[in-house]
Amino acid sequence: MRNYIYGLFIFILFSTTSISQSNVNPDISLIGTFNTTYDLTKNSPEKGKINFNVPEMELFVDGYLNPYARATGNIAYEDGEFSVEELYANIVRGLPLDAQIKLGKYLVGFGQLNIVHPHAWAFVGRPLFHQIYFGPEGFNDIGFNFSFILPTTSFYSNLDLGIFKGDAIGKNEVTTPDDQESIADHRGRSPIFVGRLGTFFQVGDYGNLGIGVDGSYGIHAKSDLNITGNSNFTPVNENLYYTYLGLDFKYKYKPDDYTSLTIQGEGILNNRDVVRNGRFGVDIPMQNKERISTYGAFLYLDYLFKKMYSFGAKYDYTNGILDDIPGISTRSNDDKNNTQGLTAWFGYYPIEHTLAFRFNVQHLIYHYANGPHRAPSTLFTLQMIFSLGPHKAHPF
Amino acid sequence: MKKILVLLIILTSTFVFADVKVVATTTIIHDLVKNIGKDKVDVDYICRGNQDPHFVEVMPSYMLKLRNADIVFKIGLDLEKWLPQLIDGSRNTNLEVIDLSKDIEKLEVPTTKMDARYGDVHPYGNPHYYLDPIDVKIMAKEIFDALATQDPENTAYYKKNYEAYLKKLNTKIEEWNRKMTKVKGEPIVFFHSSWIYFANQYGIKIAGYVEPKPGIPPTPSHNADVINLIKKGGIKLIVMENYYSDSAPNQIAGITGAKVIKVPVGIYGMDGIDSYFQMMDYIIDQIVNNS
């Protein structure tokens, strides 16, 4: 039913604009993504198969509401389902201190890559630590963001302060292995806070460097913990807090319109309360709250030449095992195991901003401190992206 | 001590508030503003002279330039599609945006509904009017008006500079007209559709373009068409902006014997090109001397 409603919405949108094009209409863009994959993972049921994945689509509607504010909607079709990926208004001028306010559902400015839509990345696939700490859609949340330009005159600095529902943090990650009811999910009832300080420098005539520090803090779950092991003891209701600290940089050297070199890296420190099952004495089960620290990072290099070709490589590291089912000691609650990734790609962009082809290979290595051994996985992806309409270039 | 401080404050405020802060989207506008505003105007630019003005990356450093500006002058006609994002990012509510194409007689204005199959066509007309010096006179007038409105106290100063610039420009226009009579009616292949205003002014025949459609990179089949065109028409010159790759033009020239001329279409787009006069001198001399 929901699919029909979205379909009807899209039909109305397009039929309206085709009938009455005028300057007051918003910009409408359609981005299509086709991925064909080939899996070489040992013992995988998918090994040797060519998978023609269901095409993905993003429909952007964007424009000024009035002289002071813009609004953007992004409806995505992924895995056979429509969803509202972004829907927000942005007050861009007229506020005290030249602040800007963004409100709605959107990609949160934690690091530099998260706010860029995946179709504009140089490579295929979300960085591993994004998937572990933010979820498969990245840090996409509902809330408010206040943005200020700092009074630095020789370089550009921006301070962002936001308050969000917290959907992207620890999404479905904290569940008890024994009793689903014992840990209440308090995401959304306890908002989270996100801050970012970004600075941008021009390096020589042709180089640009953006660096940033990011932080996020809040409750990622709430738990009734039996900290004594005594079954008659009333469980203690505890908040489980998390803190993310991030560092990021992006350097781009572009000596002419045909060549550029981009080096970008981001890292995260995840410090959070987690629930650990323990034993009191020999055989009385109990639960402890512990504080763990885990890490994630990526670094990539992309070289564009002759305007239409690029190649690059990326290294990823994250605590947590990528494909683990979310649980109290997995993914962002996992300080024992890690996943590493090596990615290489070749891109072909025959007509700038409208058509892109990428051949991407990703090799993942899983490190378990104890227990199971898992064979590394290798996935080849051939991607085609088209962009119809005036969807704006992403800022540096 | 107090007196010195007060004096310093007065002096600094005089310097700070005397200047009109201007950002020009291109270096040609920058040159005009510099000549008309002189030391009463603090002017900066966004797109470098050796950069394609259609594609400028949205950089925060450009937002910072606009944040401190009173006026931004643009070519308009949708050339600077990147400008609205920069203006939003600058958060400058007092910024005056002046479109210099307002009084230009536009060429190549589409008469039917355009879409991407026609390439990067500008829906309001071809924006490369700045290659016609007559249109530059209109730009200069627009700039003078805007500066005088922004800073009425110095109107006489701007007027004097504007008139002096116009006088020099008129002299150069006569000189360029004289030189260009030698190539009147000459067919030339250009790389991109930037030259319609220039060609109209000097009676040059645009025989074709290396780009199959505006903004679309050369293709082998179109190169073959251009080769035939050059051979059949006895065309001697391929003129191109120096920020485009000369790979396809050189290939065509290698087969046909035509000469490729790479010229700057922005100030500072090449060593020794520090003004509009020098840029036009260079373009015209190259065309005349190689025809």
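Higher on the page you've got the structure.
To start, this report covers the structure provided alongside it. (Residues numbered from 1 in each chain as written. Chains lettered and ligands numbered in written order. Predicted model: local features only at pLDDT ≥ 70, side-chain atom pairs only at ≥ 80, totals over all residues. Heavy atoms only, no water.)

**A look at the pattern of salt bridges**
Residue and element names in this part refer to chain A. Scanning all chains against the criterion turns up 28 salt bridges over all chains. The salt bridge partner of D273 is R291, with a shortest N-O separation of 3.0 Å. On the criterion of sequence distance, the pair formed by D273 in strand β13 (residues 259-280) and R291 in strand β14 (residues 284-305) is long-range, its members being 18 residues apart. We classify R291 as partly exposed; its relative accessible area is 41%. (Salt bridge = Lys/Arg side-chain N within 4 Å of Asp/Glu carboxyl O. Helix = DSSP H or I, 4+ residues; strand = E, 2+ residues; numbered from the N terminus. Buried < 20%, exposed > 50% of the residue type's maximum accessible area, 1.4 Å probe, protein only.)

**Observations regarding the interface of chain B and chain A**
Every contact between the two is made by 26 residues of chain B and, on the other side, 37 residues of chain A. Between chain B and chain A the total buried area reaches about 2700 Å² when both faces are included, carbon and sulfur atoms providing 52% of it. Summed over the three residues of chain B that lose the most area to chain A, namely L64, D88 and R91 of chain B, the buried surface amounts to 26% of that side. Summed over the shared surface of chain B and chain A, the result is four salt bridges. In this structure, the salt-bridge partner of R70 of chain A is D88 of chain B, at a minimum N-O distance of 3.7 Å. For the interface between chain B and chain A, the tally reads twelve residue pairs in polar contact (both at pLDDT 80 or more). Breaking the side of chain B that touches chain A down by element, the ones donating at least two residues are α3 (60-67) and α4 (83-90) of chain B. (Contact = heavy atoms within 4.5 Å. Buried area = accessible area lost by both parts, 1.4 Å probe. Polar contact = N/O pair within 3.5 Å; in protein donor to acceptor, adjacent residues only side chain to side chain.)

**Focus: unusual backbone geometry**
Here D98 of chain A, not a glycine, exhibits a phi torsion of approximately 55°, which is positive. Along the chain, D98 of chain A turns up in the loop between β5 (81-91) and β6 (100-107). With a phi close to 60°, R91 of chain B is a non-glycine residue in the positive phi region. One can find R91 of chain B in the loop between α4 and β4 (96-99).

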